[in-house]
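Understanding the architecture of this molecule
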Amino acid sequence: AQSVSQHNHHVILSEAASLELGCNYSYGGTVNLFWYVQYPGQHLQLLLKYFSGDPLVKGIKGFEAEFIKSKFSFNLRKPSVQWSDTAEYFCAVSNYGQNFVFGPGTRLSVLP
Amino acid sequence: DTAVSQTPKYLVTQMGNDKSIKCEQNLGHDTMYWYKQDSKKFLKIMFSYNNKELIINETVPNRFSPKSPDKAHLNLHINSLELGDSAVYFCASSHPERGNEKLFFGSGTQLSVL
């Protein structure tokens, strides 16, 4: 069975600080990897996704993530966070889009 | 136009009642889901339907019964509501086409059981 873990429950940063959120998954086969963001009071929205090819993927709002197959990791990064990035971030894995499994989420608080 | 719409947005009810949440998607997707998000924001899949057929049924009490009249709709009926059912329920859809999978979420239904 697939499972996803995220390293941090709650991350607090000041504006302009760099961000890295860890994500590890367990699954023996080919997977697709995603990061979703949930702004306060809203539904989940896709930040970026990895299917194949270049392991460094770029998403919206300056976010990027790197897939490291040997480490089963898909960490999310942003060089300089803004107050508006305050949200809950979810890593997810799917096998051909029929079963999406989410990590427990990481709450990011950016202080102005 | 809303891609995945669910109603109602808020639902407040007493313990023991029966309630339904409706979900519709206009994306032409084959697969629809119900997720439950608890107070700690943990997101857990409950059910998944593909072309009206149940393909995932996680360990959910049988008080929860999904119904898919067609592939654009997946409704969730809950019998004998309990306090622990209070959560936000998200409907989602996806099209399992290689290279284009992603989940589209509805805006959520916040269920409060008193």
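Residues numbered from 1 in each chain as written. Chains lettered and ligands numbered in written order. Predicted model: local features only at pLDDT ≥ 70, side-chain atom pairs only at ≥ 80, totals over all residues. Heavy atoms only, no water.

**Concerning the sheet that holds strand 3 (residues 19-25) of chain B**
Residue and element names in this part refer to chain B. Here four strands make up an open sheet; going across it, the order is 1-3-8-7 and the pairing antiparallel. The open sheet has two free edges, formed respectively by strand 1 (4-7) and strand 7 (64-70), since each of these has just one partner strand. With strand direction ignored, the average angle separating the axes of adjacent strands in the sheet is 15 degrees. Of the pairings in the sheet, the one linking strand 3 to strand 8 (residues 73-78) comprises four bridges and is antiparallel in character. Each residue of the ladder has a partner; that of Glu24, found in strand 8, is His73. (Pairing = 2+ DSSP bridges. Helix = DSSP H or I, 4+ residues; strand = E, 2+ residues; numbered from the N terminus. Axes fitted to C-alpha atoms, helices over the stretch in contact; angles between N-to-C directions.)

**Here we look at the interface of chain B and chain A**
Counting residues at the interface gives 24 residues for chain B and 21 residues for chain A. Interface area for chain B against chain A, summed over the two sides, is near 1,900 Å², with a carbon-plus-sulfur share of 57%. For the interface between chain B and chain A, the tally reads zero salt bridges. Between chain B and chain A we count three residue pairs in polar contact (both at pLDDT 80 or more) in total. Secondary structure elements with two or more residues in the side of chain B that touches chain A: strand 4 (31-37), strand 5 (43-50), strand 6 (53-57) and strand 9 (87-94) of chain B. Per-class residue counts for the side of chain B that touches chain A are 11 nonpolar, nine polar and four charged. (Contact = heavy atoms within 4.5 Å. Buried area = accessible area lost by both parts, 1.4 Å probe. Salt bridge = Lys/Arg side-chain N within 4 Å of Asp/Glu carboxyl O. Polar contact = N/O pair within 3.5 Å; in protein donor to acceptor, adjacent residues only side chain to side chain. Nonpolar A, V, L, I, M, F, W, Y, C, P; charged D, E, K, R; others polar.)

**Let's talk about the state of the cysteines**
In total, this model carries two disulfides over all chains according to the counting rule given. Here A:Cys23 pairs with A:Cys91 through a disulfide, and the sulfurs are 1.9 Å apart. For the disulfide bridge between A:Cys23 and A:Cys91, the dihedral angle about the S-S bond is near -65 degrees, and by the sign convention the bridge is left-handed. With A:Cys23 in strand 4 (residues 23-26) and A:Cys91 in strand 10 (residues 87-94), this pair connects stretches of sequence that are 68 residues apart. The disulfide that involves B:Cys23 links it to B:Cys91, with 1.8 Å between the sulfurs. Given an S-S torsion of about -80 degrees, the disulfide between B:Cys23 and B:Cys91 has left-handed geometry. Placement of B:Cys23 in strand 3 and of B:Cys91 in strand 9 is noted, with a sequence separation of 68 residues between them. With respect to burial, B:Cys23 and B:Cys91 carry one shared label: buried. (Disulfide = S-S within 2.5 Å. Buried < 20%, exposed > 50% of the residue type's maximum accessible area, 1.4 Å probe, protein only.)

**Brief notes about the confidence of the model for chain B**
Confidence along chain B averages 90 in pLDDT terms, with 94% of residues attaining 70 or more. No element of chain B has a lower mean pLDDT than strand 6 of chain B, at 81, and none a higher one than strand 3 of chain B, at 97. (pLDDT = per-residue confidence, 0-100.)

**Structural notes on the packing of aromatic side chains**
To describe a pair of aromatic rings, you give the distance between the ring centres and the angle between the ring planes. Residue and element names in this part refer to chain A. Under the definition given, this model contains 18 aromatic pairs over all chains. Seen from their ring centres, Phe34 and Phe51 are 5.9 Å apart, and the 75 degrees between their planes marks the pair as edge-to-face. A residue pair is termed long-range when its members are at least 10 positions apart, and Phe34 in strand 5 (residues 32-38) and Phe51 in the loop between strand 6 (44-50) and strand 7 (56-58) qualify at 17 residues. Assessed through its relative accessible area of 0%, Phe34 is described here as buried. (Phe/Tyr/Trp six-rings, centres within 6.5 Å; stacked < 30°, edge-to-face > 60°.)

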